[in-house]
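# Residue-level structural notes
So the chains spell out like this:
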Amino acid sequence: MYKKDYKRIIQALGLLILMTMVFLFSGCYPTQKRDTATTNISSDDSGKSKEKITQLEDVPSDVQKSVESADIDAQVDIGNRSTDLTTLSAQGKLFEYENVVKILSDSETFTQNTEVPEQSVQVYQGGNGGSLVLAPGEINYTSGKSLLKQYSLVLSSAIIKDDRYLDNGVFTKDGIDGFDKQQVVSQAEAWLSELGIENVGEPKVVTLDYETLASEYEKLDDEFPKASEPFTAEDEGYYIVFRCEYDNIPFLAQNYVLAGKTLCSGSVIKMIVTRDGLQEITAQGIYDFKENDEKFDSIYDFDQIVKKAETKFQDVMVSEPIKITRIELIYAPDVVSVSPITYELSPCWVFYVTSGSQVEGTDMFFYYSAITGEELGIE
């Protein structure tokens, strides 16, 4: 590997993270609040009224329908069917540098970059080549070892790094001899608790065994420079993904931009842990939040929302029907005020969509308010 090229790549990655943070915490924020008023209208194709599905407990566990422009064969994920839906007022959680470094390896010392233009973003460079970026609701840490070993390149090539596609037949082992998976998960949960991150669900875990790491590393395209040190058995570990939630209902998992507004990050925490400790943590969309007085004893007719999804693409020229493979109840954020930036999270349905050309995986998402039935305007 060419060291100069590798150094430039590390610098470029750091610049990309910084630019993303500056974009997220600068600019204009329209503050028109998402409408959460309840609407209660339902009819079938003939215009006759029909029984409405307005209670979570009555929503089916799967939906199977087919129309000209869409095929729906989707499981419906509801983390808690007996919950009382509400709205949440939230702000990006502020992380203190002194608390974050406590969970990092002692072998990495940091120097702060004081030339960062955005005051709410803190950027640190590690003495071993690692980096740490802190911003409201965000932590991005990569150790020098992780950059040298190129875990992220291997994972990006082998699996799509979010909660939906971890089990895709690449990293198939259940654990590592002498390095207990459950103990690592417990340690990861303890680290999150030290950071003040409490509201997370059960994680999904991938075993990063040596044989698969080495094999997938060799498959990297020639455009990626190989690290000077290949993977060894000591580099084995676990890739762990947590989602934030409230009352067992998860928050948005994907990033999106509401029309005319700014980026809202998915509330997801990703870690790579080896015998040497925490190698990477990316935490985004992390909130300090409180429950509002607003309560909803019913939802917008679920069948009508499915019908909206069926007809969403009827006027779009597609070579074959789009495929809806999953429907999930989440709390989705909306920016409602600034100085400081304040969000409102409200109950929404997210539809996971795969285009006809996609063999596996999701390449599109769209969202409907579970209370009003209105589609969220996503840019």
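You'll find the structure just up there.
None of these values were measured; they are calculated from a predicted model.

## A word on the sheet that holds strand S15 (residues 277-284)
One open sheet holds the eight strands; their spatial order is S4-S5-S6-S7-S15-S14-S9-S8, and the pairing between them is antiparallel. Edge positions in the open sheet fall to strand S4 (110-113) and strand S8 (204-208), since each of these has one partner strand only. Averaged over all neighbouring strand pairs, the angle between strand axes comes to 15 degrees, with direction disregarded. Inspection of the sheet shows S4 paired to strand S5 (residues 122-126) by four bridges, in the antiparallel sense. Paired with Phe110 across the bridge in S5 is Gly126. Across the sheet, helix H4 (residues 151-158) lies against S8, strand S9 (237-243), strand S14 (268-274) and S15, angled at about 120 degrees from S14, the strand it touches most.

## Structural notes on helix H7 (residues 302-311)
Across the 10 residues that make up H7, a large majority, seven, are buried. Here H7 has its buried residues at Phe302, Gln304, Ile305, Val306, Lys307, Ala309 and Glu310. Against the buried residues of H7 lie strand S1 (62-66), strand S2 (70-77), strand S17 (322-337), strand S18 (342-354) and strand S19 (364-369). Taking the backbone nitrogen of Asp303 as reference, a side-chain oxygen 3.3 Å away marks Asp301 as the first, capping residue of H7.

## Some words on unusual backbone geometry
Of note, the bond from Ser339 into Pro340 is cis; its omega dihedral lies within 30 degrees of zero at 0 degrees. Phi at Asn248 takes a positive value of approximately 70 degrees, unusual for a residue other than glycine. Along the chain, the position of Asn248 falls in the loop between strand S10 (245-246) and strand S11 (249-250). For Asn248, a relative accessible area of 42% puts it in the partly exposed group. In this structure, Ser339 is a non-glycine residue whose phi angle is positive, near 55 degrees. Within the secondary structure layout, Ser339 lies in the loop between S17 and S18. Classification of Ser339 as exposed rests on a relative accessible area of 70%.

## A few points about the nonpolar core
Leu132, Ile269, Met271, Ile324 and Trp349 are the most contacted members of the largest nonpolar core, which totals 81 residues. Tyr151, Leu155, Ala158 and Leu208 belong to the second-largest nonpolar core, a separate cluster that totals 16 residues.

## Topic: the environment of Gly285
Mapped onto the elements of the fold, Gly285 is located in the loop between S15 and strand S16 (287-296). Judged by relative accessible area, Gly285 falls into the buried class, the value being 6%. The sequence separation of Gly285 and Ile269 amounts to 16 residues, and the corresponding C-alpha distance is 8.8 Å. Other than its neighbours up to four places away in sequence, Gly285 contacts Gly137, Glu138, Ser265, Gly266 and Ser267.

## Some remarks on the packing of aromatic side chains
Applying the stated criterion across every chain, the model contains 18 aromatic pairs. Judged by centre distance (5.2 Å) and plane angle (5 degrees), the ring pair of Phe351 and Phe366 falls under stacked. Of this pair, Phe351 sits in strand S18 while Phe366 sits in strand S19, placing them 15 residues apart in sequence. Per residue, the accessibility class of Phe351 equals that of Phe366, and both read buried. Considering the side-chain rings of Phe366 and Tyr368, the 5.8 Å spacing of their centres and the 90 degrees angle between planes classify their relative orientation as edge-to-face. With respect to class, Phe366 is no different from Tyr368; both count as buried. In this structure, Lys312 packs its charged tip against the face of Phe313, placed 5.8 Å from the ring centre. Seen from the ring of Phe366, Lys312 lies directly overhead, with NZ or CZ sitting 5.2 Å from the centre.

About the cut-offs
Residues numbered from 1 in each chain as written. Predicted model: local features only at pLDDT ≥ 70, side-chain atom pairs only at ≥ 80, totals over all residues. Heavy atoms only, no water. Pairing = 2+ DSSP bridges. Helix = DSSP H or I, 4+ residues; strand = E, 2+ residues; numbered from the N terminus. Axes fitted to C-alpha atoms, helices over the stretch in contact; angles between N-to-C directions. Contact = heavy atoms within 4.5 Å. Buried < 20%, exposed > 50% of the residue type's maximum accessible area, 1.4 Å probe, protein only. Polar contact = N/O pair within 3.5 Å; in protein donor to acceptor, adjacent residues only side chain to side chain. Core = buried A, V, L, I, M, F, W, Y, C linked by side-chain atoms within 4.5 Å. Phe/Tyr/Trp six-rings, centres within 6.5 Å; stacked < 30°, edge-to-face > 60°. Lys NZ or Arg CZ within 6 Å of the ring centre and 35° of its normal.

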